[in-house]
Amino acid sequence: MEDRSHKVLLALVMLFLFAVIVLQYVCPGTECQLLRLRALSPAAAADPYRAEDETPARFVPRFNFSADDLLRRVDFNIKGDDLIVFLHIQKTGGTTFGRHLVRNIQLEQPCECRAGQKKCTCHRPGKRETWLFSRFSTGWSCGLHADWTELTNCVPSVVDSKKEVRLRPSSTWRSALQQGSVKPLKCISEFLLNINALCAGDTWGGLNTLFYPPLGRNFYYITILRDPVSRYLSEWRHVQRGATWKASLHVCDGRSPTTEELPSCYTGDDWSGCSLQEFMDCPYNLANNRQVRMLSDLSLVGCYNLSVMPEEQRNKVLLDSAKENLKRMAFFGLTEFQRKTQYLFEKTFNMNFISPFTQYNSTRASSVEIDKQTQQRIEALNFLDMELYDYAKDLFLQRYQYMRQKEHQEARRKRQEQRKILRAKQAHLREQGENSS
């Protein structure tokens, strides 16, 4: 029996040596040696984007999306007027992702982040303009945790107003003109000199920027979503420690909601120390279905005025709007899939991160133990978010699968081209050898 196993092992070794000899004969060049090394390397065999939770290796889609819905590759012009706008929903891991955007991206001109300061300076190469609209770059310029309704109405005007401030004559020059201490002719000549500088390519952006708003600007909205139960528990723990977000404006159709439209869940400065039961019992709690509310167009349902339409109709309009806005966004990620989120962002914007994202499965929300009845109550309170997250997760994984397939197809095409080049080289060498002989 032992002799038989030795013979089988010897046969396998001989077969392997024979295969190596044949491969060396068929492809003797250094290119093929490199290809063999890559194929045998552990890095090539391991998938860096392996499953990060209990998701099965073979994903089965539930929703039908077109190729346009799945393919996300934008021509982000960081040197022009394009802007990435980060919609930061509370307790979705947005703080971690926001820091990645300002501290962990390979850029020609990296963001300048100083110790002790929350905001970083993220200027375009050669310009004093930001390419990123987020908490850690521009601050809460449209209000604390501004939602889709607020951002889409606020961001263009904020960006334009900042550009106007840069282009406005200095206060010293303007006051001197008003007081008559500067002659008008000198003012005109100085103005013409400024115009000349603009036309010559000054960092203000040229003469057209002075008189006309930029025509080629694109706003690319992005966001991060999270499992609704985990997000809800995380928000409760955050509020329990004293957070309120009462500085949020909730502007819709040009105004903030009245106290009758949006009553408070607590009296006093904050709701610190509240129990989970108290948190769930407040009917005005904005934690309920927060992700749907912050991603939908609230003007479609009369903003925070609940008397505009029946509750069932309002819920449907909000959910449909949130799904559509999410699908049309340039990018969104999921907290539960950090590496896939990194991959899709890099492929979408053609911008690479320096260090890989880390999947943290141990969070404050995961440390909260709840019974099945409490979980069902939280799911019922967030039934719109539950449906949105199922939709988002399906779209997210389909996009990831689609992009990976595209990547594999491109790699296969390149290998085929390399083989053609190698075969052509070998045929040329044989022809030269035959001619010389």
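Residues numbered from 1 in each chain as written. Predicted model: local features only at pLDDT ≥ 70, side-chain atom pairs only at ≥ 80, totals over all residues. Heavy atoms only, no water.

Naming follows an unreviewed UniProt entry, where the protein appears as Heparan-sulfate 6-O-sulfotransferase of Pachyramphus minor. According to its UniProt record, the protein has this under Subcellular location (unreviewed entry): "Membrane". (UniProt positions renumbered as here; feature names shortened; annotations may be inferred.)

Attention now goes to the packing of helix α13 (residues 311-328) against helix α16 (residues 383-436). α16 packs onto α13 with a crossing angle of 20° between their chain directions and a minimal axis gap of 10 Å. Taken together, the axis directions place α13 and α16 in an arrangement best described as roughly parallel. Here the hand of the crossing between α13 and α16 comes out right-handed. Residues N315, L319, A322, K323, L326 and K327 of α13 form the contact with α16, whose own contacting residues are F383, L384, E387, L388, Y391, A392, L395 and R399. Of the residues assigned to the contact of α13 with α16, the class counts are 9 nonpolar, 1 polar and 4 charged. (Axes fitted to C-alpha atoms, helices over the stretch in contact; angles between N-to-C directions. Helix = DSSP H or I, 4+ residues; strand = E, 2+ residues; numbered from the N terminus. Parallel < 35°, antiparallel > 145°, perpendicular 65-115°, else oblique. Left-handed = near helix turned anticlockwise from the far one by under 90°. Contact = heavy atoms within 4.5 Å. Nonpolar A, V, L, I, M, F, W, Y, C, P; charged D, E, K, R; others polar.)

The subject of this paragraph is helix α15 (residues 372-381). Every buried residue belonging to α15 is among T374, I378 and L381, and all of these are buried. For α15, the buried positions fall inside an angular range of 65° around the axis, keeping them on one side. Turned more than 90 degrees away from the buried face of α15, the exposed residues are K372 and Q373. If you follow the buried residues of α15, they end up packed against α10 (228-240), α11 (276-281) and α16. (Buried < 20%, exposed > 50% of the residue type's maximum accessible area, 1.4 Å probe, protein only. Arc of directions from axis to C-beta.)

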